[in-house]
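# What the coordinates show
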Amino acid sequence: MTRRWLLRLRPDPHRTVEPALPPAVVEAAAEALGTGPVGWAVQTAEAIATDILDQVPEHGGGRGPVSTLRRSTESAVLAALRLLVSPSPSPSPSSQPSPSSRSSRRVADLTDETLEGCREFARRGITLDQVLRGVRLGHARLAHELAAAIEEHVPAEERLAELRRVNDLLFAYADSHAGMMAEEYVTERDRWRGSGEAARRAIVDDVLAGRPVDTRNATRRLRYDLSRTHLAAVLWCDDTDGGLTAAERLHRTALAMSRAMAAAGVLLVPADNTTAWVWFAVAAEDAPARGGYPRDLRDRLDRPRGVRAALGPPAAGPQGMRRSHLGALQAARVAPATGQWLCDYHDVRLAALVTAEPEHARWFVHEVLGPLASEGDRVRELRETLRVYLAEERSLRAAADRLHVARNTVTYRVKRAEELLPAALTPVASLELRVALEIAEHLPKPADRHRP
């Protein structure tokens, strides 16, 4: 039975999905399978991650967890394709039988990304049932996509036999996969429960959930004073290449930020493999009303390689620790649209507020802006010019200076933007119009709804 149809798989040309795995891993997969099957695998893995997040939302919870899930699903789909292409799949000679795999054939070892994702699930308190449900959802979606590909690429007289072969291998792969993940999960869960790190994380989780905590005891266990004024930050790596690990980069960045703001204390809690939650203890009298710390940090710090940051509003006490953290999470969600490595909640709080429900925000923008809400660089340029023009109280000179263009250019763009607006909204002076312009560029694309 030929397996060449697998090498003819191609991604949907109308969808663009960037790989979640490091470039070196993607390149190695492309050498083995070809760029077409790898592109198909990336799109399929993204669809699998979306299915899992829709039905088991505990797998999400932020940029880092979603990224971890996507790397895990992507590596698993690529491993499945290699298994299906192989003429005689067999256990890896270096693998050792595990207790969980004695009752099922060990078809393929778990990838490093799947192993790390499983460990992270255990540390985050996702239940084993939820983890295994994610596995079942993923394999069901993969089987569905492969069945559709067989229908498209395999001759009619060979389809039934090939479908049986694929289903048999996928069943064995899913069975083995689930067993090994359960074993790894239990091992990591037991290790984590016995660690001091878990106890510290439990205190932080109580604070963030708004549950009452013994401030004195929590301060002693965390070695961080909960009674102070806190400035929370979310740090994440968007570039995993280089000589330092993600954890090292995040730690160095947090220390540099702490020194720059002369913080009296710092608490860093790993959220996942590429994300950290940080709190800085700052003097209450120094806490700015409108984002003085971020602006000062941008001036005093060099941008750390491969690390981005979002800051919440300063607030005092355990409740303030929670408030600042929630603000930092919202700033991190909209940070990509700002183009800055350090995003201040005060600068994006309106966009964060009105895009908390992206679908409703998207409806609002399209209803208010009409054709001006369309995609494309030219329309985006018109929107930005109109936004700045209104923000500068319709001053052509001020808008031109801010945009670094001629006054005539501002005049032309504003006129073209007005022509694209629904007639009922001109002249351009409504609050709704200004709000719609402010949030238009912060909205995630529909395919990115799980990527805060």
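Residue indices begin from 1 for each chain and proceed along its sequence in written order. Local features are withheld for residues below a pLDDT of 70 in this predicted model, meaning they are given only at 70 or higher, and side-chain atom pairs are given and counted only at 80 or more; totals for whole chains, interfaces and linings count all residues. Based on all heavy atoms of the structure, the side-chain values leave hydrogens and waters out of the count.

## Some thoughts on the confidence of the model for the chain
- Every residue carries a pLDDT, the predictor's confidence in it, which falls somewhere between 0 and 100. Here the chain shows a mean pLDDT of 83. Residues at 70 or above account for 87%.
- The model gives residues 89-105 a pLDDT under 50, and that stretch makes 19 contacts with residues more than four places away or in other chains.
- Every residue pair with non-hydrogen atoms within 4.5 Å of one another is taken to be in contact. Here residues 446-452 is a poorly scored stretch, pLDDT under 50, and it has 15 contacts once near neighbours within four places are set aside; other chains count.

## Points about the pattern of salt bridges
- We define a salt bridge as a contact between a side-chain nitrogen of Lys or Arg and a carboxyl oxygen of Asp or Glu at a distance within 4 Å. Tallied over the entire structure, the rule returns 23 salt bridges.
- The residue E74 makes a salt bridge to R70 at a minimum N-O spacing of 3.4 Å. Of this pair, E74 and R70 both sit in helix α3 (residues 63-85), four residues apart, which is roughly one turn of the helix. As far as burial versus exposure is concerned, E74 and R70 are alike and both buried.
- One salt bridge connects R165 with E162, and the closest N-O pair in it is separated by 2.9 Å. A residue pair is termed a helical-turn pair when its members lie 3 or 4 positions apart in one helix, as R165 and E162 do in helix α6 (residues 156-193) at three residues. Across the pair, exposure class does not vary: R165 and E162 are buried alike.
- Salt bridges sharing partners connect three or more residues here, namely E116, R119, R123, E184, E188 and R191. To qualify as a helix, a DSSP run of H or I must reach at least 4 residues; to qualify as a strand, a run of E must reach at least 2; elements of each kind are numbered from the N terminus. Each residue is placed in one exposure class: buried if its accessible area under a 1.4 Å probe, protein chains only, is under 20% of its type's maximum, exposed if it is over 50%, and partly exposed if it falls in between.

## Quick word on unusual backbone geometry
- For E393, which is not glycine, the phi dihedral falls at a positive 55°.
- Among the secondary structure elements, E393 is positioned in the loop between α14 (377-391) and α15 (396-403).
- The exposed category is assigned to E393, whose relative accessible area is 71%.

## Quick look at the pairing of strand β1 (residues 229-237)
- β1 sits mainly inside the fold: nine of its nine residues count as buried.
- Of the pairings in the sheet, the one linking β1 to strand β3 (residues 275-282) comprises eight bridges and is antiparallel in character. If you follow T229 over to β3, its bridge partner there is V282.
- In this description, strands pair whenever DSSP reports at least two bridges between them. Bridge count for β1 against strand β5 (residues 315-316) is two bridges, and the pairing is antiparallel. Residue pairing for β5: H230 is matched across the bridge by A315.
- As paired elements, β1 and strand β4 (residues 307-311) share five bridges and run antiparallel to each other. Note that in β4 the partner of L235 across the bridge is A309.

## Some points on helix α12 (residues 345-354)
- All buried positions along α12 are accounted for by Y345, H346, V348, A351 and A352.
- Elements in contact with the buried residues of α12: β4, α11 (317-334), β6 (342-344) and α17 (431-440).
- Definition of a polar contact: a pair of N or O atoms within 3.5 Å, with one able to donate and the other able to accept a hydrogen when the atoms are protein atoms, and with sequence-neighbouring residues admitted only if both atoms are side-chain atoms. At the N-terminal end of α12, a side-chain oxygen is found 3.0 Å from the backbone nitrogen of H346, two or three residues along, and the residue is D344.

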